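# Results of the structural survey
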Amino acid sequence: MKRILTGGLFALSAVLSTASADDTDWAPTIFSLDNGMEVVVVPDHRAPVVTHMVWYKVGAVDEAPGKSGLAHLFEHIMFKETDDLGPGEFDDIVSRNGGVNNAFTSWDYTAYFERVAKQHLGTMMALEAERMTDLIINDDPEGPFISERDVVKEERRQRIDNNPGVILQEMVLSELWKGHPYEITVIGKMDEVAALTPEDGMAFYKEYYSPENAILVVAGDVTPEEVRVLAEEHYGRIKPTGTAHGNRKWESVPLLTETKELEYSDPKVRQPSWSRYYNGTSESRDREFSYALDVGLEVLGGGMTSRLYQSLVEEQNVAINVNTFAWTTLHDEGPAVISASPAPGVSLEDLEMAVMTDLEAVLTEGFTDEEVERARNKLAASAIYARDSQSNMANVFGSTLALGGTVDDVLDYPDNIRAVTTEEALAAVRKVFGPDRHYIEAHLLPAEGDS
């Protein structure tokens, strides 16, 4: 939501000055069904379409030890068979109604969505309600659980094991989050995924896939009353399981206690890269600090006008790119990252020296009010521009609520980000990149002897 390209300063000013006047046009309505299912309706009457999403407050963070990858595997299973839907029939019905659908799994949540013409909203609710209650999970070797387990294993081979950059990132994050539930990537460890059983799947389904553990978000050309009637009809009849879902496995991420360097080389690597991962924060853990950090990192390395890019790429010609960013939208603390790729003929050692020299100089000199204002306006405008997409807004509200946030956190974001001061932005990056902070340095390299 926060990182889209915007126009010039005039465009930013126009968007920011009209934002408050437009808030009432898209502000959501929230209510709950008697079974505990939370419902969010985001109006968007520009076209007769709707985005329908069901967010479950369960993700990889909630998996039992030794069961990594189960939340993601279960996302796959949800598209297979139910008592009333044959293999592939869910997707076929959505397609026949002119819609698109998909799903995604995070450490913190799992979400399913359909985008269709408004007259088909009831059908989408019926489909989601069906697979919330009547999914088929069995130990048939040709059945959905076993077959999709093999699909996920192949997905891991393609997306992680065959991608040097992702392999290195997995190594780094495992160190950064060592001992924390985020330590294992969402897709899971290959051996643990291979050992998952239909019994694991059924226990997971019964514990987490229940209306009181779900958030329904509908964005589009509908009224709250229309959604309420349909939601009561399709979801309201589902009885809650009564399972206590409040004990999420979230916990604060401890600071690194030592500095480490990790290196990975592979013949597939054509462009070396250098990066450092520091302990950061999250909006859920410390919203004010998170906003200040985002603004500071935007000034420092957020784009081609940033301090580091102008110096290292445009002036010194030692890098072909450089950027700084932070994973602030997880529930628990994510990393703050500074990364760069060397220009031809520049070693990683020389690149590192140049990056860190510039970083120290900027943190010593400080930021100007003008560049902080530009960064604040860019982030605020990005959030406001995102309102033009109903699917974006469904995602923003759904993810925020699934993480324990509120609708006001979304509504107030532009004003809150514009309230960050120059001093706060500078203090945030000084804290994260301070000389007393440990980090994990990562080098991605071509195989030795590979040009």
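Residues numbered from 1 in each chain as written. Predicted model: local features only at pLDDT ≥ 70, side-chain atom pairs only at ≥ 80, totals over all residues. Heavy atoms only, no water.

- By the naming in an unreviewed UniProt entry, the protein is Zinc protease, taken from Hyphomonas pacifica.

### Considerations on the domain arrangement of the protein
- Each assigned domain of the protein is listed here: domain 1 (29–235) and domain 2 (260–446).
- Put simply, the middle of domain 1 and the middle of domain 2, counted by C-alpha atoms, are 30 Å apart.
- On the domain 2 side, the residues contacting the 37 residues of domain 1 number 36 residues.
- When residues of domain 1 are sorted by the area they lose upon contact with domain 2, Pro164, Leu168 and Leu176 head the list and together hold 19% of the total.
- The interface formed by domain 1 and domain 2 holds two salt bridges in total.
- One salt bridge connects Asp388 with Arg46, and the closest N-O pair in it is separated by 3.8 Å. (Domains from an automatic or database assignment. Contact = heavy atoms within 4.5 Å. Buried area = accessible area lost by both parts, 1.4 Å probe. Salt bridge = Lys/Arg side-chain N within 4 Å of Asp/Glu carboxyl O.)

### Details of the environment of Glu38
- Positionally, Glu38 belongs in strand β2 (residues 38–43).
- Considering only alpha carbons, one finds Glu38 and His120, 82 residues apart in sequence, at a separation of 21 Å.
- The contact partners of Glu38, leaving out residues within four places of it in the chain, are Ile30, Phe31, Ser32, Ala214, Ile215, Leu216 and Leu401. (Helix = DSSP H or I, 4+ residues; strand = E, 2+ residues; numbered from the N terminus.)

### Brief notes about the packing of aromatic side chains
- Tallied over the entire structure, the rule returns 22 aromatic pairs.
- Aromatic pair Phe204 and Tyr209: ring centres 6.4 Å apart, planes at 50 degrees, arrangement tilted.
- Classification of Phe204 as buried rests on a relative accessible area of 5%.
- Their ring planes at 85 degrees and their centres at 4.9 Å tell us that Tyr278 and Phe433 sit as a pair that is edge-to-face. Of the two residues, Tyr278 is situated in strand β8 (residues 273–279) and Phe433 in the loop between α17 (422–432) and β11 (439–446); the sequence distance between them amounts to 155 residues. There is no split in this pair, since Tyr278 and Phe433 are both buried.
- Among the aromatic residues, those joined into a ring-pair cluster are Tyr56, Phe74, Phe79, Phe90, Tyr112, Phe204, Tyr205, Tyr208 and Tyr209.
- In this structure, Arg228 is placed above the aromatic ring of Phe31, and the distance from its NZ or CZ to the ring centre is 4.0 Å.
- Its end group placed over the ring of Phe289, Lys431 keeps NZ or CZ at 4.6 Å from the ring centre. (Phe/Tyr/Trp six-rings, centres within 6.5 Å; stacked < 30°, edge-to-face > 60°. Buried < 20%, exposed > 50% of the residue type's maximum accessible area, 1.4 Å probe, protein only. Lys NZ or Arg CZ within 6 Å of the ring centre and 35° of its normal.)

### Overview of the UniProt feature "domain: Peptidase M16 N-terminal" (unreviewed entry) in the protein
- Per the UniProt record, "domain: Peptidase M16 N-terminal" (unreviewed entry) is annotated on residues 39–187.
- Measuring from the first to the last C-alpha atom of residues 39–187 gives 29 Å, for a span that is 40% helix and 18% strand. (UniProt positions renumbered as here; feature names shortened; annotations may be inferred.)

### Regarding the environment of Met190
- Here Met190 lies in helix α7 (residues 190–194).
- Along the chain, Met190 and Glu154 lie 36 residues apart, while their C-alpha atoms are 9.4 Å from each other.
- When neighbours within four sequence positions are excluded, Met190 is seen to be in contact with Lys153, Arg156, Arg157 and Asp161.

### Description of the sheet that holds β8
- Across the sheet, which stays open at both edges, the five strands sit in the order β7-β11-β8-β10-β9 with mixed pairing between neighbours. With partners counted over all chains shown, the strands left at the sheet margins are β7 (260–266) and β9 (319–326), one partner each. Mean inter-strand twist for the sheet, computed between neighbouring axes without regard to direction, equals 15 degrees.
- Here six bridges tie β8 to strand β10 (residues 335–342), and the two strands are oriented antiparallel to one another. Its bridge partner being in β10, Tyr277 is matched across the sheet by Val337.
- Each of β7, β8, β10 and β11 touches helix α6 (residues 164–176); the most contacted strand, β7, lies at about 160 degrees to it.
- Where helix α12 (residues 348–365) meets the sheet, its contacts fall on β8, β9, β10 and β11, and the angle it forms with β8 comes to roughly 45 degrees. (Pairing = 2+ DSSP bridges. Axes fitted to C-alpha atoms, helices over the stretch in contact; angles between N-to-C directions.)

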